Amino acid sequence: PLRMIVPYAPGGTTDALARLLQRSLTAVMDRPVIVDNKPGATGTIGTDMGAKAPPDGNTIVFGNQGPNAIVPAVRKVSYDPINDLRPLTTVAFMPLALAVSAEKGPKTLKEFMDNARKPGAGMHYGSSGIGSFAHLAGHEFTRQGNLNMTHVPFKGGGEVVPALLNGTVDGSFLTAMEATQMVSGGKLRFLAMGSPKRMTRLPDVPVVAEALPGFNAVIWFAAFAPKGTPDDMADKLREAIVKAVESPEYRQYLEERNAEARPSSPEAVTELIRYDMRVWGDVVKKNNIPM
């Protein structure tokens with residue numbers, strides 16, 4: 001079997017994407033694929049296990065910029081994301097979306113920001129944990145917008161939505177995939193997307209950058225092999241993953257959830273890692289955000 005290490009607990013966005021890839025990849029390779037969840041330490045435990053796995057073509061690591069770029073940029077981890085893992089391809093890109101309760105929350109981004117600028121507003125934004133990409137996006141939104149909001153971390157994305165619905169937090173940056181079904185069901189409302197420009201499927205939803213120029217919060221997901229995996233094995237794995245990502249099932253699933261299936265070259269993955277290490281690592285260091 002091909003082992004796919006997912007460095008997060010079951011039920012979140014990364015796990016859902018990995019299990020969808022598992023189904024498509026199994027069909028493409030005609031080989032069983034097993035998802036192995038290894039959560040902990042903001043994704044670095046599972047990523048380290050993948051980096052140290054035998055380079056025999058039987059292991060891939062499914063990751064994002066958290067354990068592969070942001071965390072290693074600001075604190076010591078037991079692996080080098082550039083040199084200890086062999087990038088294969090990106091799998092998906094999706095913007096974070098500022099979401100609020102459809103019943104209790106404001107109707108527009110401007111209304112939300114105006115409320116949060118009032119002295120003593122006492123507003124809160126939730127995230128899936130300290131140091132998570134949602135936390136960093138919320139922090140930058142608060143800082144750049146001169147908002148009076150306090151961060152409330154949860155143990156995972158699954159806890160944030162109930163907190164939005166019951167009013168424990170006023171807003172949160174969720175992956176579009178996490179929130180789309182709740183928005184369609186009338187429970188949540190998208191106030192703005194973290195993408196650089198408006199999305200084709202959501203033309204009436206503004207982007208945060210319209211209010212805060214330069215704001216960009218798009219999360220990427222990619223597949224890696226352990227360092228030392230022979231070229232022929234890595235090429236075979238990459239070819240299979242790209243075929244799986246380009247399958248109609250995978251593309252449709254992501255499109256319906258306001259995300260994009262997008263494979264890329266290994267070199268492009270490395271460039272994404274370097275970019276996020278520089279940009280988001282700088283955000284963490286300058287603002288003394290614990291990781």
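The structure under discussion appears in the preceding block.
Residues numbered from 1 in each chain as written. Predicted model: local features only at pLDDT ≥ 70, side-chain atom pairs only at ≥ 80, totals over all residues. Heavy atoms only, no water.

**Student:** What should I look at first to understand the overall build of the protein chain in this one?
**Tutor:** A count of helical and extended segments in the protein chain gives 10 helices and 10 strands. C-alpha atoms of the protein chain, sized along the principal axes, occupy 60 × 40 × 30 Å. For the protein chain, the residues scored as buried account for 55% of the 291 residues in total. Here the contacts in the protein chain between residues at least 6 apart in sequence split such that 77% fall between residues at least 24 apart. Each charge class in the protein chain can be summarised by its mean position, and for the 32 positive and 29 negative side chains these summaries are 4 Å apart. (Helix = DSSP H or I, 4+ residues; strand = E, 2+ residues; numbered from the N terminus. Buried < 20%, exposed > 50% of the residue type's maximum accessible area, 1.4 Å probe, protein only. Contact = heavy atoms within 4.5 Å. Lys, Arg positive; Asp, Glu negative; His and termini not counted. Charge placed at Lys NZ, Arg CZ, Asp CG, Glu CD.)

**Student:** How should the pattern of salt bridges be read in this particular structure?
**Tutor:** Scanning the model with the defined rule gives 13 salt bridges in all. Across the pair Lys38 and Asp36 runs a salt bridge whose closest N-O atoms are separated by 3.8 Å. The exposure class of Lys38 is partly exposed, given its relative accessible area of 27%. Taking the shortest distance from any N to any O, the salt bridge between Lys243 and Glu239 comes out at 3.7 Å. Taken together, the positions of Lys243 and Glu239, both in helix 8 (residues 231-245) and four residues apart, correspond to about one turn of that helix. Relative accessible area serves as the criterion here: at 47%, Lys243 is assigned to the partly exposed category. Overall, the relative accessible area of 47% leaves Glu239 in the partly exposed class. (Salt bridge = Lys/Arg side-chain N within 4 Å of Asp/Glu carboxyl O.)

**Student:** How should I be thinking about the nonpolar core in this particular structure?
**Tutor:** Across soluble globular proteins, nonpolar side chains show a tendency to be buried alongside one another. Ranked by size, the top nonpolar core spans 59 residues in total, and within it Leu25 and Phe141 carry the most contacts. The dominant element in this core, judged by the number of residues it contributes, is strand 4 (residues 85-101), at seven residues. If sequence neighbours within four positions are ignored, Phe141 has contacts with Leu98, Leu109, Phe112, Met113, Leu147, Met149, Phe173, Val208, Leu212 and Phe215. Within the second largest apolar cluster, 20 residues are counted, among which are Ala97, Ala179, Val205 and Ala209. (Core = buried A, V, L, I, M, F, W, Y, C linked by side-chain atoms within 4.5 Å.)

**Student:** Whenever I open this one, the side chain of Asp15 confuses me. Can you help?
**Tutor:** Structurally, Asp15 can be placed in helix 1 (residues 13-29). A residue is classified by how much of its surface remains accessible, and Asp15, at 5% relative accessible area, is buried. Every residue in contact with Asp15, bar those within four places of it in the chain, is listed here: Val6, Ala9, Pro10, Val35 and Asn37.

**Student:** Which parts of the structure should I look at to understand the packing of aromatic side chains?
**Tutor:** A ring pair, where both rings are aromatic, is described by two values, the distance of the centres and the angle of the planes. Scanning all chains against the criterion turns up six aromatic pairs. For the pair Phe133 and Trp280, a centre-to-centre distance of 5.0 Å together with 80° between the ring planes defines the contact as edge-to-face. Of this pair, Phe133 sits in helix 5 (residues 133-144) while Trp280 sits in helix 10 (residues 266-286), and the two are 147 residues apart along the sequence. This pair shows no difference in class: Phe133 is buried, exactly as Trp280 is. Among the aromatic side chains, those forming a connected cluster through ring pairs are Phe112, Phe141, Phe173 and Phe215. (Phe/Tyr/Trp six-rings, centres within 6.5 Å; stacked < 30°, edge-to-face > 60°.)

**Student:** What exactly am I supposed to notice about the pairing of strand 7 (residues 171-175) here?
**Tutor:** For a regular strand, side chains alternate in direction, first toward one face of the sheet and then toward the other. Across the five residues that make up strand 7, a large majority, five, are buried. With burial as the criterion, each face of strand 7 is covered, one bearing Gly171, Phe173 and Thr175 and the other bearing Ser172 and Leu174. Of the pairings in the sheet, the one linking strand 4 to strand 7 comprises four bridges and is antiparallel in character. Along strand 7, the bridge assignment pairs Leu98 with Phe173. Relative to strand 7, strand 5 (residues 123-127) runs parallel, the two sharing two bridges. For Gly126, the partnering residue across the bridge sits in strand 7 and is Ser172. (Pairing = 2+ DSSP bridges.)

**Student:** Looking at this model, I keep getting lost on the pairing of strand 3 (residues 59-64). Mind explaining?
**Tutor:** For strand 3, the tally of buried residues reaches six of six residues, placing the bulk of the element in the interior. As paired elements, strand 1 (residues 2-6) and strand 3 share three bridges and run parallel to each other. Looking at strand 3, one finds that Met4 is bridged to Ile60. As paired strands, strand 3 and strand 9 (residues 218-226) are joined by four bridges and run antiparallel to one another. Residue Gly63 lies in a different strand from strand 9, and its bridge partner there is Ala222.

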